[in-house]
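What follows is the residue order along each chain.
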Amino acid sequence: MATRQISFRPYRRVFRQAMRTSRGEWRMREGFLVRVDQAGRVGFGEVAPIPEFGSETLEVAFNFLKTLEADSSQAVPGSLPCCAFALSSALSEVASESLDYAVAGLLPAGEVAVAVAAEKTALGYRTLKWKVGVESTEWEQEIFSTIVQVMPKGLLLRLDANGAWSTEALECWLAFLQPFREWVEFIEQPLPVGAEARMAACSVGSGVAVALDESLNGPDGSQWLGEWDGPLVVKPLLMGDCGNLLEQLRLVANRVVLSSVFETGVGLLNVLRLADDLPEMNQAIGFDTLNFSDDLSCRNPSALLRAEDRAGIDPAALWNHLPQST
């Protein structure tokens, strides 16, 4: 086996405005870029942990990457899915053509979502994702009704609760949404991890699809890729070896919705290479995640992520921009 050298550099990104979710405010995104040199080839990957979604912590990832710098022959344990995705992506060879992808516009929590929805639709977004489970059910339903009024007919809305609702809240929403079913693509992870059977039972006969998100992460999450009948919101950077993940996703590609973890341009390229090998995937990708005070995303917000936009992302330049790890 050719000699392999692995190095990594940390990044710290500050949101321009804190991201409000049902889990609280998220003000800073931290992670690592990984560089792998082997047999004259150089590849880049990204480690972007979210422990609340079942991944390793930032500290655990850092400690493992330090050991890899000293001994690059080590295998990545299954308990480190973010490290596994980064390293497997870094030198993966994807021969498929770069494609264009529709992007779902991200709406913030609360009443401000109304104005942002109007802005996004004017910019050409045809799918919008709204963070819910932050305010009271009654208030968010009032906001929903107003959002629908500013959306042109034919657009779709995703409601992302991040597992914050109770069964009663989900049932209330499903009843409320009956007159609006043509507007709703799906409700994303309404109940906590472990309540998959209840989510499925509630959605039966409602005419409103329920998608899994957090349930797909962690050591037991991949089972739902084969057992869930609805949409699957997949965050590849949290799901381990990209080759293994690709084989799993090919079986359910028409129900896969690829989603961001607020990564840099390197992580985005890693995900899009995966997407290029899933031609049956047809939902807008969830990568309207550029709300940072830095330029590490290497692109501008747009409703369509074109192949030429990808060509403007230079992983080596991003790598050189970051300080060396200590």
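Only a predicted model underlies this, so the values are computations on that prediction, with no experimental measurement involved. (Residues numbered from 1 in each chain as written. Predicted model: local features only at pLDDT ≥ 70, side-chain atom pairs only at ≥ 80, totals over all residues. Heavy atoms only, no water.)

1. Topic: the packing of aromatic side chains
Okay, so step 1: The tally for this structure, following the rule as stated, stands at 16 aromatic pairs.
Okay, so step 2: Taken together through their ring pairs, the aromatic side chains of F144, W165, W173, F176 and F180 make up a single cluster.
Okay, so step 3: A cation over an aromatic ring shows up here: R13 above the ring of F292, its NZ or CZ 3.8 Å from the ring centre.
Okay, so step 4: Across the ring face of Y125, the terminal group of K120 is positioned such that the distance to the ring centre comes to 5.0 Å. (Phe/Tyr/Trp six-rings, centres within 6.5 Å; stacked < 30°, edge-to-face > 60°. Lys NZ or Arg CZ within 6 Å of the ring centre and 35° of its normal.)

2. With respect to the packing of helix α4 (residues 137–150) against helix α5 (residues 167–176)
Okay, so step 1: Where α4 meets α5, the closest approach of the two axes is 11 Å, and the angle between their N-to-C directions is 25°. Judged by the inter-axis angle, α4 sits roughly parallel to α5. In the packing of α4 onto α5, the handedness of the crossing is right-handed. Along its contact with α4, which presents T137, E140, Q141, F144 and S145, the element α5 presents A169, C172, W173 and F176. (Axes fitted to C-alpha atoms, helices over the stretch in contact; angles between N-to-C directions. Helix = DSSP H or I, 4+ residues; strand = E, 2+ residues; numbered from the N terminus. Parallel < 35°, antiparallel > 145°, perpendicular 65-115°, else oblique. Left-handed = near helix turned anticlockwise from the far one by under 90°. Contact = heavy atoms within 4.5 Å.)

3. Re the state of the cysteines
Okay, so step 1: Applying the stated rule across the entire model yields zero disulfides.
Okay, so step 2: The thiol of C82 is unpaired, and the distance to the nearest cysteine sulfur, on C83, comes to 7.0 Å.
Okay, so step 3: Note on C83: relative accessible area 0%, which makes it buried. (Disulfide = S-S within 2.5 Å. Buried < 20%, exposed > 50% of the residue type's maximum accessible area, 1.4 Å probe, protein only.)

The quantities given are spatial measurements derived from coordinates; they are silent on function.
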